[in-house]
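Chain and residue survey
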Amino acid sequence: MNISSTHNATMAWRKADLDHHLHPFTDQRGLAETGGSRIITKAQGVWLIDSEGERILDGMAGLWCVNVGYGREDLARTAYEQMVELPYYNTFFKTATPPPIELSEKLASLTPAGLNHTFFANSGSEANDSIVRMIRRYWNLKGQPEKKTIISRTNAYHGSTAVSASLGGMKYMHEVDDLPLPGFEHIQQPYWYREGGDLSPEDFGLAAARALEERIEELGAHKVAAFIGEPIQGAGGVIVPPATYWPEIQRICRKHDVLLVADEVICGFGRTGHWFASDYFEIDADFMPVAKGLTSGYLPLSAAMVHDRVAEVLREQGGEFAHGFTYSGHPVSCAVGLKNIQIIEQEGLVEKVRDETGPYLQGRLAELNDHPIVGEVRGMGLVAGIQLTADKATRAAFEKEGEAGGLCRDACMKNNLVARPVGDSMVLSPPLIISKAEIDELVKRLSASLDDAAAALARK
Ligand SMILES: *Cc1c(COP(=O)(O)O)cnc(C)c1O
């Protein structure tokens, strides 16, 4: 296609998109006012190509998910072969197909000790919904039907269905339709930069964890079923908790007989330089939802990992667990998930992120600490948050929350880098196959975008 015909195709797509396609997490009117969507048509490695032929560095791996990078023909071939062999059969009513069996066995060997049972679903949200149903059933079976309340954190993200958005602590999501549902409580997040005040990060980590104990005591432990947290909050702004946080959370959960859910939907499959962030933080969870990196986004798939000590109750004291999805354990998604894990293993991506590219990215980003509007760079492996601030000494927020982040995002777009703003943090989560040279390019573009954003702020 010549330039004008690609441009005409883009205009036609944009118009049809605006006319007929309702986008998630989008202000539809705002989208129309700003000219419509950027249309992505191809991708290879860490690079996206749009309908105008521009090459864009994907610093977010899609939505934190394309861990093995774009353009993997072996994943396409696996899907093709499974579709030819058996495109679909269900796992209800005493049947199964080989891929979900093999994948659940593989997951049992990779995930932290004791998490040996898998319930498959299609998205992180559905995995969390399924976990909520299992938690509630667990306490029913244990003869403690009053134990139903689930405690989460402000600014947590656990998905977008009514239940998983209730688990989440995003105020702007709750405001859409009067969430959370009854039975979901939220405590403070371990976000030292914004909420730590004069405390050291270590003391603040303990204080933030003890908010859980206070809430449990307020509600009565006999009413509290579980606590859920992302080991590192992703969509909340890549918030890495102080080292004191998780051990104290675990102590409190055990003491009050409260189940612990570690939401590894972003952290899993090498993102942090470990198979799971629970390995690093030594979290001994009762449930662990995974999704995103499980198939590197090539097909929808999620898994709710269940610990032996919980599965024993659910399985042995049983009766029917009347829950499941048409596509639970979909054979094509599971075959692709298995192949994706094989690629991660064969290419040593977890070790590469831990020893090489993770420290390299974090080191290069740390150079941005000198930038006038950067307050803090935080992260681990190939996930990072760059906190913007109006005042480096007092850690003050900008007058209009989100304005600096928005300006920086617009500048990144202009500079052909995908980086996402969360309030006034910029977050990054590139594919795990990113090279050091590509990291240099990413940091160069981000740094130029921070300059652009700072200049735009100064003009205001
Ligand atoms: C993305 C995400 C989810 C939801 O996953 P979906 O597949 O979008 O439903 C849940 N938990 C965390 C931590 C996530 O980042």
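Residues numbered from 1 in each chain as written. Predicted model: local features only at pLDDT ≥ 70, side-chain atom pairs only at ≥ 80, totals over all residues. Heavy atoms only, no water.

Concerning the environment of Gly385
Cut-off, in case you're wondering: Only DSSP runs of H or I with at least four residues qualify as helices, and only runs of E with at least two residues qualify as strands; both kinds are numbered from the N terminus onward. Throughout, a residue-residue contact means that at least one pair of heavy atoms, one from each residue, lies within 4.5 Å.
Here Gly385 shows up in strand S12 (residues 383-388). Spatially, the C-alpha atoms of Gly385 and Pro421 are 9.2 Å apart, while their sequence positions differ by 36 residues. Other than its neighbours up to four places away in sequence, Gly385 contacts Gly237, Val238, Glu376, Val377, Arg378, Met426 and Val427.

Quick notes on the packing of helix H10 (residues 201-219) against helix H11 (residues 245-255)
The line we're drawing: Note on geometry: axes are lines fitted to C-alpha atoms, helical ones only across the stretch in contact, with angles between N-to-C directions running from 0 to 180 degrees. Convention used here: angles under 35 degrees read as roughly parallel, angles over 145 as roughly antiparallel, angles from 65 to 115 as roughly perpendicular, and any remaining angle as oblique. Less than a right angle of anticlockwise turn of the near helix away from the far helix marks a crossing as left-handed, whereas a clockwise turn marks it as right-handed. Following the grouping adopted for this structure description, the nonpolar residues are Ala, Val, Leu, Ile, Met, Phe, Trp, Tyr, Cys and Pro, the charged ones are Asp, Glu, Lys and Arg, and the polar ones are all others, Gly among them.
With their axes 8 Å apart at the nearest point, H10 and H11 run at an angle of 15° to one another. Between H10 and H11, the crossing angle belongs to the class labelled roughly parallel. Where H10 crosses over H11, the two elements pack in a sense that is right-handed. Side by side, H10 and H11 meet where Gly205, Leu206, Ala208, Ala209, Arg210, Leu212, Glu213 and Ile216 of the first sit next to Tyr245, Glu248, Ile249, Arg251, Ile252, Cys253 and Lys255 of the second. A class-by-class count of the residues in the contact of H10 with H11 yields 9 nonpolar, 1 polar and 5 charged.

Some words on the side chain of Gln189
What counts is decided by this rule: Three exposure classes are used, based on accessible area relative to the maximum for each residue type with a 1.4 Å probe and protein chains only: buried under 20%, partly exposed in between, and exposed over 50%. Residues adjacent in sequence count toward polar contacts only when both atoms are side-chain atoms; beyond that, a polar contact is any pair of N or O atoms within 3.5 Å, and within protein one must be able to donate a hydrogen and the other to accept it.
You can see Gln189 is positioned in the loop between strand S6 (184-187) and helix H9 (192-195). The exposure class assigned to Gln189 is buried, which follows from its relative accessible area of 4%. A distance of 2.9 Å separates a polar atom in the side chain of Gln189 from a polar atom in the side chain of Asn155. At a separation of 2.9 Å, a polar atom in the side chain of Gln189 contacts the side chain of Glu195. Apart from residues lying up to four places away in sequence, Gln189 is in contact with Arg153, Thr154, Asn155, Glu195, Phe204, Ala208, Gln233 and Ile239.

Some points on the packing of helix H16 (residues 403-414) against helix H17 (residues 436-459)
Orientation of H16 relative to H17, taken along the N-to-C sense of each, is 130°, at an axis distance of 8 Å. For the element pair H16 / H17, the angle class is oblique. Note on packing geometry: the crossing formed by H16 with H17 is right-handed. Listed contacts from H17 to Glu403, Ala404, Leu407, Cys408, Ala411, Cys412 and Lys414 of H16 are Leu446, Ser449, Leu450, Asp452, Ala453, Ala456 and Leu457. Partitioning the contact of H16 with H17 into residue classes produces 10 nonpolar, 1 polar and 3 charged.

Some points on the pattern of salt bridges
This is how the line gets drawn: Take a side-chain nitrogen of Lys or Arg and a carboxyl oxygen of Asp or Glu: if they are within 4 Å of each other, that pair is a salt bridge.
Enumeration according to the criterion identifies 27 salt bridges in this entry. The residue Asp286 makes a salt bridge to Arg254 at a minimum N-O spacing of 3.3 Å. One end of the pair, Asp286, is in the loop between helix H12 (277-281) and strand S9 (287-290); the other, Arg254, is in helix H11, with 32 residues separating them in the sequence. Look at Asp286 and you get buried, because its relative accessible area is 2%. Two residues, Glu441 and Lys444, come together in a salt bridge whose shortest N-O distance is 3.9 Å. Residue Glu441 and its partner Lys444 are both found in helix H17; the two are separated by 3 residues, about one turn of the helix.

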